[in-house]
Amino acid sequence: MRARSDDEYTEYVSARIPALRRLAYLLTGDGHRADDLVQQTITTLYVKWQRARGADHLDAYVRKMLVRTFVDEKRLAWARVGLFREAPEPPPVSDAGAEDRQVVRGALSRLPRRQQAVLVLRFYYDLPVDEVAAMLGCTTGTVKTHTSRGLATLRRLLGDSDAAAVQFAN
C-alpha cells in the first residue's frame, strides 16, 4: 500500500515540477530561490500526501502550498539574515520583450511578498479574486487592496511612460 502511494506521489510531482518551478520563479525572480521553494513545497507535500491526494483540485492545493510557503518564508528567522537582499540578474533572453519583463520583474521584486503573490496569481495565472483570497487565507477585500496598492506601486516604480509594460500575460 505504501509503495503505491509513493509511486502516485512520484508520478504527480514529476509531472508538475515545471509548472511549480515557473510559479516559484515568478514569485522569487531567482532560479535558485525558486528551486529551494519548490523543494520545500514538494517535501511538505510528501509528508501530507495522504490528505493532499484526496483534494478535489490537487494542482490548486499544491499551488496554494507553494504560495503560502513563499509568503511565510519572510517570517522565518533565517530569512531576516539578509541572504537574499539583492537577487542576481537573470540570464539574458534573446526575444524582444525580455527587457520589459526584466524591468517589470525588478519592480515586482520590490513589493511586499503578499502583493507580489496577489499580482502574479491575478494577472499571470488569471485567477479570480475569491480563489486568490482562499489560497492566501484572507478576505477578497484584502486581495483587492493588495492588487490596487501593488499596481499603484508598480506604476510609480516604472514611471508613466512604462505603465503599459505592466502586463503579466506577455
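Everything numeric here is computed off the predicted structure, so don't read it as measured data.

(A) Region of the structure containing the overall build of the chain. From N to C terminus, the chain includes 8 helices and 0 strands. Counted from the first residue to the last, the chain has its helices and strands arranged as α-α-α-α-α-α-α-α. Taken across its 170 residues, the chain has 36% of its residues classed as buried. Counting every atom, the chain has about 10200 Å² of accessible surface; 52% of that belongs to carbon and sulfur.

(B) Structural view of the packing of aromatic side chains. Going through the model one piece at a time under the given rule, you end up with 4 aromatic pairs. The interplanar angle of 75° and the centroid separation of 5.0 Å between the aromatic rings of Y9 and Y46 together place this pair among those described as edge-to-face. Of this pair, Y9 sits in helix α1 (residues 2–28) while Y46 sits in helix α2 (residues 31–47); the two residues are 37 residues apart in sequence, bridging distant segments of the chain. On the accessibility criterion, Y9 (12% relative accessible area) is buried. The partly exposed category is assigned to Y46, whose relative accessible area is 33%. Here the aromatic rings of Y9 and W49 are separated by 5.6 Å at their centres, their planes lie at 80°, and the arrangement is edge-to-face. Here Y9 is found in helix α1, whereas its partner W49 is found in helix α3 (residues 49–52), with 40 residues between them in sequence. Comparing Y9 with W49 shows no difference in burial state: the two are buried.

(C) Fine view of the pattern of salt bridges. One pass over the structure, following the stated rule, counts 5 salt bridges. E8 is the partner of R4 in a salt bridge, and the nearest nitrogen-oxygen pair spans 3.7 Å. Note that R4 and E8 are positioned in helix α1 at a spacing of 4 residues, about one turn of the helix. By relative accessible area, R4 is classed as exposed at 52%. With a shortest N-O distance of 2.5 Å, D35 and R21 are connected by a salt bridge. With D35 in helix α2 and R21 in helix α1, the pair connects residues that are 14 residues apart, well separated along the chain. Residue classification places D35 among the partly exposed residues on the basis of a relative accessible area of 36%. Here the salt bridges share partners, and the residues they tie into one network are R4, E8 and R53.

(D) Here's a closer look at the side chain of Q116. When you line up the elements, Q116 lands in helix α6 (residues 113–124). What makes Q116 buried here is its relative accessible area of 5%. Discounting chain neighbours no more than four positions away, the residues touching Q116 are L27, F70, R105, L108, S109 and L111.

(E) Structural context of the nonpolar core. In terms of nonpolar packing, the biggest core is built from 41 residues, with L27, L45, L66, V67 and L136 touching the most fellow members. Contributions of two or more residues to this core are made by α1, α2, α3, α4 (58–73), α5 (98–108), α6, α7 (129–136) and α8 (140–158). Those residues in contact with L136 that sit more than four places away from it in its chain are V67, R68, V71, R114, A117 and V118.

(F) Main features of α2. Under the 1.5 Å per step criterion, the end-to-end length of α2 is 25 Å for 17 residues, consistent within 8% with the ideal 24 Å. Inspection of α2 places R33, A34, L37, V38, T41, I42 and L45 among the buried residues, and these make up the whole buried set. Here the buried residues of α2 occupy an arc of 165° about the axis, which is enough to place them on one side. Turned more than 90 degrees off the buried face of α2, the exposed positions are H32 and V47. Looking at the packing, one finds that the buried side of α2 touches α1, α3, α4 and α6. Sitting at the head of α2, D30 places a side-chain oxygen 3.0 Å from the backbone nitrogen of H32.

So, how was this worked out
Residues numbered from 1 in each chain as written. Predicted model: local features only at pLDDT ≥ 70, side-chain atom pairs only at ≥ 80, totals over all residues. Heavy atoms only, no water. Helix = DSSP H or I, 4+ residues; strand = E, 2+ residues; numbered from the N terminus. Buried < 20%, exposed > 50% of the residue type's maximum accessible area, 1.4 Å probe, protein only. Areas by Shrake-Rupley, 256 points an atom, 1.4 Å probe, with all protein chains shown as cover. Phe/Tyr/Trp six-rings, centres within 6.5 Å; stacked < 30°, edge-to-face > 60°. Salt bridge = Lys/Arg side-chain N within 4 Å of Asp/Glu carboxyl O. Contact = heavy atoms within 4.5 Å. Core = buried A, V, L, I, M, F, W, Y, C linked by side-chain atoms within 4.5 Å. Expected span 1.5 Å × (residues − 1). Arc of directions from axis to C-beta. Polar contact = N/O pair within 3.5 Å; in protein donor to acceptor, adjacent residues only side chain to side chain.

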